[in-house]
Amino acid sequence: MDLSQERCNVFMGAVCITLPVNASVTFEVPVDVARYTFNQNNRVLLRAYLQSQEDKINAPQSFDEKVEGFRVKGYKSAPDGHPRIDIILVPDVKSNGVVHVYAGVNDAERGEVARALAGMRPCRRVSPEDLSCPLQSTLGPDIVKWLEKP
């Protein structure tokens, strides 16, 4: 199933994502950061957090796209030999919070991670209480293409 065509079922600030079937999410607020852990088949699929400022990543930036009120940056690295991606969504409106999504992406994990990221999309804040999220993700398919590149 192409999750870029499905409605969102998890909201992180002004970003939403469509989780695949049999996936779950846990949510924690330790201090000033909201942390999300996405699980599928008894293992961590993705992790994300929402905070007020952008993290600096110690890796070359290889994805940069402006979409629906966000600048989206992607980084690929292999700390300690373990492939990893970091995707940072920086909103034009700082009060929406910065979303940082990251995951391990070895060959066994790459397909499931790509499938979950296909359903990620920025939303537009209509009022302090309401978001308007597109029915279709224009960002997700671009992230999947980037992820599939070596």
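Above this text sits the structure in question.
Residues numbered from 1 in each chain as written. Predicted model: local features only at pLDDT ≥ 70, side-chain atom pairs only at ≥ 80, totals over all residues. Heavy atoms only, no water.

Asker: Explain the pairing of strand β9 (residues 98–104) here, please?
Answerer: Remark: a regular strand shows side chains that alternate across the two faces of the sheet. Across the 7 residues of β9, 5 count as buried, placing the element largely inside the fold. Taken together, the 5 bridges between strand β5 (residues 43–51) and β9 define a ladder with antiparallel strand orientation. Bridging from a neighbouring strand, Gln51 pairs with Val98 of β9. Relative to β9, strand β8 (residues 84–91) runs antiparallel, the two sharing 6 bridges. Directly across from Asp86, in β9, lies its bridge partner Tyr102. (Buried < 20%, exposed > 50% of the residue type's maximum accessible area, 1.4 Å probe, protein only. Helix = DSSP H or I, 4+ residues; strand = E, 2+ residues; numbered from the N terminus. Pairing = 2+ DSSP bridges.)

Asker: Hey, could you run me through the packing of helix α1 (residues 107–117) against helix α2 (residues 139–148) in this one?
Answerer: Between two packed helices, the angle of one axis relative to the other and the distance separating the axes together describe the packing. α2 packs onto α1 with a crossing angle of 160° between their chain directions and a minimal axis gap of 8 Å. Judged by the inter-axis angle, α1 sits roughly antiparallel to α2. Seen from above, α1 lies across α2 with right-handed handedness. Along its contact with α1, which presents Arg110, Val113, Ala114 and Leu117, the element α2 presents Gly140, Ile143, Val144 and Leu147. Here the contact of α1 with α2 is built from residues that sort into 6 nonpolar, 1 polar and 1 charged. (Axes fitted to C-alpha atoms, helices over the stretch in contact; angles between N-to-C directions. Parallel < 35°, antiparallel > 145°, perpendicular 65-115°, else oblique. Left-handed = near helix turned anticlockwise from the far one by under 90°. Contact = heavy atoms within 4.5 Å. Nonpolar A, V, L, I, M, F, W, Y, C, P; charged D, E, K, R; others polar.)

Asker: Explain the pairing of strand β3 (residues 23–28) here, please?
Answerer: Here β3 pairs with strand β4 (residues 34–40) via 6 bridges, running antiparallel. Residue pairing for β4: Ala23 is matched across the bridge by Gln40. Counted between consecutive antiparallel strands, the loop separating β3 from β4 contains 5 residues.

Asker: I'm lost on the packing of aromatic side chains in this one. Help?
Answerer: Think of a pair of aromatic rings as described by two things: how far the centres are apart, and how the planes are tilted against each other in angle. Applying the stated criterion to the full structure yields 4 aromatic pairs. A ring pair is formed by Tyr36 and Phe38, whose centres lie 6.4 Å apart and whose planes are at 10°; its orientation type is stacked. For the pair Tyr36 and Phe38, one class covers both residues: buried. Residues Phe63 and Trp146 carry aromatic rings whose centres are separated by 5.6 Å and whose planes lie at 50° to one another, so their mutual orientation is tilted. Taken together, the positions of Phe63 in strand β6 (residues 61–67) and Trp146 in helix α2 put the pair 83 residues apart, joining distant regions of the chain. One exposure class covers both Phe63 and Trp146, and it is buried. Of the aromatic side chains, those joined through ring pairs into one cluster are Phe27, Tyr36 and Phe38. Here Lys76 stacks its cationic end above the ring of Trp146, 5.0 Å away from the centre of that ring. (Phe/Tyr/Trp six-rings, centres within 6.5 Å; stacked < 30°, edge-to-face > 60°. Lys NZ or Arg CZ within 6 Å of the ring centre and 35° of its normal.)

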